[in-house]
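Notes for the structure review
Residue-level listing of the chains:
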Amino acid sequence: MISVESLTKQYGRFTAVDHVSFTAATGRVTGFLGPNGAGKSTTMRVMVGLTRPTTGRVTITGRDYRELVNPGLEVGVLLDASAQHAGRTGREILTIAQQTMGLPKTQVAETLARVGLTEDEAGRRVRDYSLGMRQRLGIATALIGDPEVLILDEPANGLDPAGIRWMRDLLRGFANDGGTVLLSSHLLHEIEVIADDLIVIGQGRIVAQGSKSELLASAGTLVRATDVDTLARALHEAAVVTTPIDGGLRVDADPELVGATAHRAGVVLRELRPADGAGLEEMFLELTADTAREGAAA
Amino acid sequence: MSTATAVPVSSSDAVARPARTIAPIPTSRLVTVELRKMFDTRAGFWLMASVGIISVLATAAVIIWAPDEAITQNNFSVAIGMPLSVVLPIIAILSVTGEYSQRTGLTTYTLVPWRGRVLSAKLVATLLVGVVAMFVALAVGALGNLLGSALTGLDAVWDVSLAEFGTIVLANVLGMLMGFMLGVLFRSSAAAIVGYFVYSFVLPVALGALAAFQEWFRDLQPWVDVQFAITRLYDVTMTAEYWQQLGVTTLVWLWIPLALGLRAVLRAEVK
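Residues numbered from 1 in each chain as written. Chains lettered and ligands numbered in written order. Predicted model: local features only at pLDDT ≥ 70, side-chain atom pairs only at ≥ 80, totals over all residues.

A closer look at the overall build of chain A
Across its full length, chain A holds 11 helices and 13 strands. Oriented by its inertia axes, the alpha-carbon framework of chain A measures out at about 70 × 45 × 35 Å. Every one of the 298 residues in chain A was classed for burial, and the buried ones make up 47%. In chain A, 71% of the contacts between residues at least 6 apart in sequence involve partners at least 24 apart. (Helix = DSSP H or I, 4+ residues; strand = E, 2+ residues; numbered from the N terminus. Buried ≥ 20, exposed ≤ 12 C-beta atoms within 10 Å, placed from the backbone. Contact = placed C-beta atoms within 7 Å.)

Things to note about the overall build of chain B
When helices and strands are tallied, chain B shows 11 helices and 2 strands. If you list the helices and strands of chain B from N to C, you get β-β-α-α-α-α-α-α-α-α-α-α-α. Taken over the C-alpha atoms alone, chain B extends approximately 85 × 50 × 35 Å along its principal axes. The burial tally for chain B puts 37% of its 271 residues in the buried class.

Here we look at the sheet that holds strand 12 (residues 248-251) of chain A
All names here are of chain A. A sheet is described by the order of its strands in space; here 4 strands give the open sequence 11-12-10-13, paired in antiparallel fashion. Whereas interior strands pair on both sides, the edge strands pair on one side only; in this sheet they are strand 11 (242-245) and strand 13 (269-274). The mean inter-strand angle of the sheet, taken between neighbouring strand axes irrespective of direction, is 20 degrees. Across 4 bridges, strand 10 (residues 221-225) lies against strand 12 in antiparallel orientation. Looking across to strand 12, one finds that valine 223 is bridged to leucine 249. Against the sheet, helix 9 (residues 228-237) touches strand 10, strand 11 and strand 12, its axis set at about 20 degrees to strand 12. The strands touched by helix 10 (residues 255-265) are strand 10, strand 12 and strand 13; relative to strand 13, the strand with the most contacts, the crossing angle is about 160 degrees. (Pairing = 2+ DSSP bridges. Axes fitted to C-alpha atoms, helices over the stretch in contact; angles between N-to-C directions.)

Thoughts on unusual backbone geometry
Most peptide bonds adopt trans geometry, and most residues besides glycine take a negative phi value. Residue and element names in this part refer to chain A. Even without being glycine, threonine 61 reaches a positive phi, approximately 45 degrees. Here threonine 61 lies in the loop between strand 4 (55-60) and strand 5 (75-78). Residue classification places threonine 61 among the partly exposed positions, given that 17 C-beta atoms sit within 10 Å.

Quick look at the packing of helix 1 (residues 27-39) of chain B against helix 5 (residues 115-152) of chain B
All names here are of chain B. Running from amino to carboxyl end, helix 1 crosses helix 5 at an angle of 60 degrees, the nearest separation of the two axes being 8 Å. It follows that helix 1 is oblique to helix 5 by the angle criterion. In this structure, the crossing between helix 1 and helix 5 has a hand that is right-handed. Counted together, Thr27, Leu30, Val31, Glu34, Leu35 and Met38 of helix 1 and Arg117, Val118, Ala121, Lys122, Val124, Ala125, Leu128 and Val129 of helix 5 form the full contact between these two elements. (Parallel < 35°, antiparallel > 145°, perpendicular 65-115°, else oblique. Left-handed = near helix turned anticlockwise from the far one by under 90°.)

What to know about the nonpolar core
Within soluble globular proteins, side chains that are nonpolar tend to cluster in buried spots. Among the nonpolar cores identified, the biggest contains 125 residues, and A:Ala140 and A:Ile151 are the most heavily contacted of them. If you tally residues by element for this core, the top one is helix 3 (residues 73-101) of chain B, at 12 residues. When near neighbours in sequence (up to four residues on either side) are disregarded, A:Ala140 contacts A:Leu94, A:Thr111, A:Leu112, A:Val115 and A:Leu117. Within the second largest apolar cluster, 13 residues are counted, among which are A:Leu222, A:Ala234, A:Val258 and A:Val267. (Core = buried A, V, L, I, M, F, W, Y, C linked by C-beta atoms within 7 Å.)

Examining the interface of chain A and chain B
Each partner contributes to the interface: chain A provides 33 residues, whereas chain B provides 32 residues. When residues of the side of chain A that touches chain B are assigned to their parent elements, the largest contribution, 6 residues, is made by helix 2 (residues 90-101) of chain A. By residue class, the composition of the side of chain A that touches chain B is 13 nonpolar, 13 polar and 7 charged. (Nonpolar A, V, L, I, M, F, W, Y, C, P; charged D, E, K, R; others polar.)

Topic: the environment of A:Gly178
Within the element layout of this structure, A:Gly178 appears in the loop between helix 6 (161-176) and strand 7 (180-185). Distance from A:Gly178 to A:Thr26, taken between C-alpha atoms, is 6.2 Å for residues 152 residues apart in sequence.

Overview of the domain arrangement of chain A
Partitioning chain A into structural domains gives domain 1 (2-210) and domain 2 (220-274). Using only C-alpha atoms to locate each centre, domain 1 of chain A and domain 2 of chain A end up separated by 42 Å. (Domains from an automatic or database assignment.)

Here's the deal with the sheet that holds strand 2 (residues 14-24) of chain A
Residues and elements named next belong to chain A. The strand order 2-1-4 describes an open sheet built from 3 strands, whose pairing is antiparallel. With one partner strand each, in any of the chains shown, strand 2 and strand 4 form the two edges of the open sheet. Each strand axis lies, on average, 20 degrees off the axis of its neighbour in the sheet, ignoring direction. The pairing of strand 1 (residues 2-11) with strand 4 spans 5 bridges and is antiparallel. Among the inter-strand pairings, threonine 8 is bridged to a residue of strand 4, identified as threonine 55. Lying on the sheet, helix 1 (residues 40-47) is in contact with strand 1, strand 2 and strand 4; it crosses strand 1 at an angle near 115 degrees.

Focus: the environment of B:Ala70
Among the secondary structure elements, B:Ala70 is positioned in the loop between helix 2 (42-65) and helix 3. Assessed through the 15 C-beta atoms surrounding it within 10 Å, B:Ala70 is described here as partly exposed.

Considering the pairing of strand 1 of chain A
All names here are of chain A. Of the pairings in the sheet, the one linking strand 1 to strand 2 comprises 7 bridges and is antiparallel in character. Each bridged residue has a counterpart across the sheet, and for lysine 9 the counterpart in strand 2 is valine 17. Hairpin connection from strand 1 to strand 2: 2 residues lie between these consecutive antiparallel strands, with glycine 12 at a positive phi of about 60 degrees.

Side note on helix 6 (residues 162-186) of chain B
Across its 25 residues, helix 6 of chain B extends 36 Å between first and last C-alpha, which sits within 8% of the 36 Å expected from 1.5 Å per residue. Once helix 6 of chain B ends, the next one or two residues include B:Arg187, with phi positive near 50 degrees. (Expected span 1.5 Å × (residues − 1).)

Quick word on the confidence of the model for chain B
All names here are of chain B. Looking at chain B, the pLDDT average stands at 88 and 93% of residues meet or exceed 70. With pLDDT under 50 throughout, residues 1-15 is counted as low confidence; its partners more than four residues away or in other chains account for 21 contacts. Interface scoring of the predicted complex returns ipTM 0.85; its pTM is 0.84. (pLDDT = per-residue confidence, 0-100.)

Observations regarding the UniProt feature "transmembrane region" (unreviewed entry) in chain B
All names here are of chain B. Using the residue numbers shown here, the UniProt feature "transmembrane region" (unreviewed entry) corresponds to residues 45-66, 78-98, 119-145, 165-186, 193-213 and 242-266. Summarising residues 45-66: 95% helix, 0% strand, and an end-to-end C-alpha distance of 31 Å. Along residues 193-213, the helical share is 100% and the strand share 0%, with 29 Å between the first and last C-alpha atoms. (UniProt positions renumbered as here; feature names shortened; annotations may be inferred.)

Some thoughts on helix 3 of chain B
Residues and elements named next belong to chain B. In this model helix 3 runs 40 Å from its N-terminal to its C-terminal C-alpha over 29 residues, within 8% of the 42 Å that 1.5 Å per residue would give. Taking the largest bend as the criterion, helix 3 deviates by roughly 35 degrees, centred on serine 95. By the criterion of burial, helix 3 is predominantly enclosed, with 22 of the 29 residues buried. (Bend = angle between axes of the 7 residues up to and from the residue.)

This is the structure in structure tokens:
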């Protein structure tokens, strides 16, 4: 479990992280979502002792990171896949981690296989790696010590769809085995397929947090019907807020209520489902609109 | 930090992992890893290899070009020592700045979140390399001396005493500490190497010129010019006053900046 308690980091007069509190629970994948520059990486760097917080603290399984006597065996960390020595081979980089943690040599080959890097690829120098391969190598460095907690900053960057699917399965398995996973992303779709819980951050502040299903529920229902106007009127009479979308409505209610209302109004439905991706995306844009760089354009 | 810490696993946790004992990372392991990191890139490997290559080339040059009576152990040691005194501090610089220029510090300081321990390991690894390099140079120079005197037909001249070798090693260790200091101070390979050339070539020339043209500075120079003080380790019998001058100049040019640089590394954010 990772516990962030009222964490604040100021750079001069600029507040990068502003009283951020959340927990990443054991056995779950927690997604840390926010636009670029929202404070995700700063928060993660504080977690592993690379940055000193101005106030507040972070504990991992109840302890400060610096209290861990051999952190690599307890917390797997990937902060930036490009921060690896371009002149070393993938195998060498992993060997350095293996030796630092004092692990058996066989772990190197096993972990390389686990992240899907071939013998041939492991023998190449990192300057010849694609970003996706660097991510896999970085994840290998995080996994080699068989930790209980993973902290991954933008790990899906540069992975192809198959790679993202692979990572989802890997992290799911890791959490199911009793591990804690915290991963950040600035892309909603990426994190949506992987995470159980979501922490949304904008301009250094937490703007939403909860389980994915909770956040999805609050995003409402998507409905398409032959007679949209009649349905909209019926829903308004039921005191439900609706937003017109292409050929239908987004409704701030659960699908059951929308279905029942349509039934009473005698409207034929063509589509009725939770407004998952689109709703969450809207929420994400909404929550971060005034804080994101793209805010003005959106 | 000498006690092993067991990972607490609560019995109520359904998916609890088997407890395992986690032992602290010993310093000897950190030194081994830092040594490995000095050799495991092409650039690093050739930098290390250059120590041997320079020794052989410098020795060959003495045998080929020096007059017969100059085939002495001292001349071999001077010929090898000059280029080596440039290479060794650069090795020291890169051992520190590599973590920043290549951003590997992000991983290094995450796996070992005690930066002082990492830097100590780097310093020990660097000095080990330096001392081994000096013995390699001594051995190559001795072979050159034997070979050279065999070619000239004269008796081999062994004119480097143990004490002299000791002061030469000290001079090189100080040079490497200079490099290490510049590394922690600048945390950038380019800036630290430029800083090193200013330190070892620009400043001595400037201070030498000042001493040559300004009467008042002449007596002051040995107390100010650190390269002047270090260079005397190579070729002059050290007097008590010379040692004092070495102490004063290294305090100002080496130990104080080193302390400031270490403080900065311990506090700075790693990005």
